[in-house]
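Take a look at the letters that make up each chain.
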Amino acid sequence: MDTGLKDRVAIVAASSKGIGRAAAFALAAEGANLAICARDPGALDETAAQIRRQFQVEVFAEPLDVSDDARVRAFADAAHHRFGRIDICVTNAGGPPAKPFAETTMEEWDRAWQLNLRSIVSFAHAVLPRMRERRWGRLITITSVAVKQPVPELVLSNSVRAGVLGLVRSLATQYGPDNITVNNVGPGYTATERIRNLAEASAKARGITAAEYEANLAKDIPLRRLASPEEVADAIVWLASERASYITGQTILVDGGTYRGL
Ligand code: NAD
């Protein structure tokens, strides 16, 4: 399948680890040049160096917090200056803490909105005018299966990410005439470092092994296993590619069948 991604320029946010990192690798494997960011400069530089070693693409990397609007816009400006175009933007960030509603603070609600919705608005403001100029673009948000099936204890994530779908739908309608597609990817349990650490901590608290804890998680997933970050990245590559040119405003769940609705 020709993805048509060679020489395209993709921003991939929060991409030093996990799903974002896998998305950056997968886009580079298709020949796209990259602008990547994350908070930790060491991990980010390491990821950029690995991608440069493995693929014949250019990688621009800048450490930043995606909830800092001014930094996000400056990063997009710098990426545009470096490459002369921005074709694809994959938004991503860490998730808000898991806790029951009664234990959440107003500060955590503010932070969740800043991290998981406002940051997407920052990226969208920065990249959509550039995509519009070239009459080609792909904006892809990474959220969670929680946008279709709220997860108990994830009230912050469930609430804020629902707003992302409203944004995705609105932008898909508004920017469709400019040949820009806007879609959302909703991962289910995905075996990233974060989930592995979480599994280890939760397993320890229950007196079982991390493997047993993961097996328990997998019992409720029709495919009976967690996703790999690469499997989520494949959906992102497809949405970014020429092969998904008539798909917009959609949420693609990569959840092994976890969401049981129609
Ligand atoms: P991860 O912790 O493995 O990686 C997160 C990446 O984001 C890292 O590179 C980190 O440096 C970067 N990051 C975090 N906060 C940032 C910020 N404020 N600014 C800049 N960079 C930041 O996480 P992951 O498992 O890949 O998850 C990515 C997203 O997908 C999260 O929003 C998570 O809630 C969501 N998600 C994950 C799963 C899963 O099972 N892994 C399931 C559903 C949804």
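Whatever comes next refers back to the structure up there.
Residues numbered from 1 in each chain as written. Predicted model: local features only at pLDDT ≥ 70, side-chain atom pairs only at ≥ 80, totals over all residues. Heavy atoms only, no water.

1. Overview of the packing of aromatic side chains
For the coordinates displayed, the defined rule picks out 3 aromatic pairs. Their ring planes at 15 degrees and their centres at 5.9 Å tell us that F60 and F75 sit as a pair that is stacked. Residue F60 is located in strand 3 (residues 59–63), and its partner F75 is located in helix 3 (residues 69–83); the two are separated by 15 residues in the primary sequence. One exposure class covers both F60 and F75, and it is buried. Between the aromatic rings of F101 and W109, the centroid separation amounts to 6.3 Å while the plane-to-plane angle is 65 degrees, which identifies the pairing as edge-to-face. (Phe/Tyr/Trp six-rings, centres within 6.5 Å; stacked < 30°, edge-to-face > 60°. Helix = DSSP H or I, 4+ residues; strand = E, 2+ residues; numbered from the N terminus. Buried < 20%, exposed > 50% of the residue type's maximum accessible area, 1.4 Å probe, protein only.)

2. Re the environment of G166
Tracing the backbone through its elements, the reader meets G166 in helix 5 (residues 155–175). You can call G166 partly exposed: its relative accessible area is 36%. Considered as a pair, G166 and G249 are 83 residues apart in the sequence and their alpha carbons are 9.4 Å apart.

3. Digging into the site of the ligand
Taken together, 26 residues sit near the ligand, with S16, I19, A93, R161 and T192 positioned nearest. Measuring from an oxygen atom of the ligand, one finds a backbone N or O atom of I19 at 2.8 Å. Take V66: an N or O atom from its main chain is 2.9 Å from a nitrogen atom of the ligand. Surface burial for the ligand is 92%, taken as the share of its 830 Å² of free accessible area covered by protein chains. In the shell around the ligand, the residues fall into 10 nonpolar, 10 polar and 6 charged. (Near = heavy atom within 4 Å. Polar contact = N/O pair within 3.5 Å; in protein donor to acceptor, adjacent residues only side chain to side chain. Areas by Shrake-Rupley, 256 points an atom, 1.4 Å probe, with all protein chains shown as cover. Nonpolar A, V, L, I, M, F, W, Y, C, P; charged D, E, K, R; others polar.)

4. A word on the packing of helix 1 (residues 18–29) against helix 8 (residues 229–240)
One can describe the packing of helix 1 onto helix 8 by two numbers: an axis separation of 8 Å at closest approach and a directional angle of 50 degrees. Taken as axis vectors, helix 1 and helix 8 run oblique relative to one another. The element helix 1 and its partner helix 8 pack so that their crossing is right-handed. On helix 8, the residues touching G18, I19, A22, A23, A26 and L27 of helix 1 are P229, E230, V232, A233, I236, V237 and A240. (Axes fitted to C-alpha atoms, helices over the stretch in contact; angles between N-to-C directions. Parallel < 35°, antiparallel > 145°, perpendicular 65-115°, else oblique. Left-handed = near helix turned anticlockwise from the far one by under 90°. Contact = heavy atoms within 4.5 Å.)

5. Examining empty space enclosed by the protein
In total, this model carries 1 cavity of 30 Å³ or more according to the counting rule given. The volume enclosed by the largest cavity comes to roughly 40 Å³. Every residue lining the largest cavity is listed: T91, N92, A93, L115, N116, S119, I120, I142 and R161. The greatest single-element share of the lining of the largest cavity, amounting to 4 residues, is contributed by helix 4 (residues 106–134). When the residues that make up the lining of the largest cavity are grouped by side-chain class, the tally is 4 nonpolar, 4 polar and 1 charged. (1 Å grid on protein atoms, 1.4 Å probe; cavity = no way out; pocket = protein on both sides within 12 Å on 5 of 7 lines; lining within 4 Å. Points joined across faces, edges and corners; volume = space filled by probe spheres on them.)

6. Quick look at unusual backbone geometry
The phi torsion at D7 lies on the positive side, around 70 degrees, for a residue other than glycine. For D7, the location among the structural elements is in the segment before strand 1 (9–12). Judged by its relative accessible area of 44%, D7 is partly exposed. Its identity as a non-glycine residue notwithstanding, R135 has a phi of 55 degrees, on the positive side. Topologically, R135 is positioned in the loop between helix 4 and strand 5 (137–142).

7. Observations regarding the sheet that holds strand 3
Within a sheet, adjacent strands bond to each other through the backbone by hydrogen bonds, running parallel or antiparallel. Taken in spatial order, the 7 strands line up as 3-2-1-4-5-6-7 in an open sheet, and their pairing is parallel. Whereas interior strands pair on both sides, the edge strands pair on one side only; in this sheet they are strand 3 and strand 7 (251–254). Each neighbouring strand pair of the sheet contributes to a mean axis angle of 15 degrees, computed without reference to strand direction. Sheet topology note: the strand 1/strand 2 (residues 33–38) ladder contains 4 bridges and is parallel. In the strand pairing of strand 2, V12 is matched with I36. (Pairing = 2+ DSSP bridges.)

All we've got here are geometric facts, nothing functional implied.
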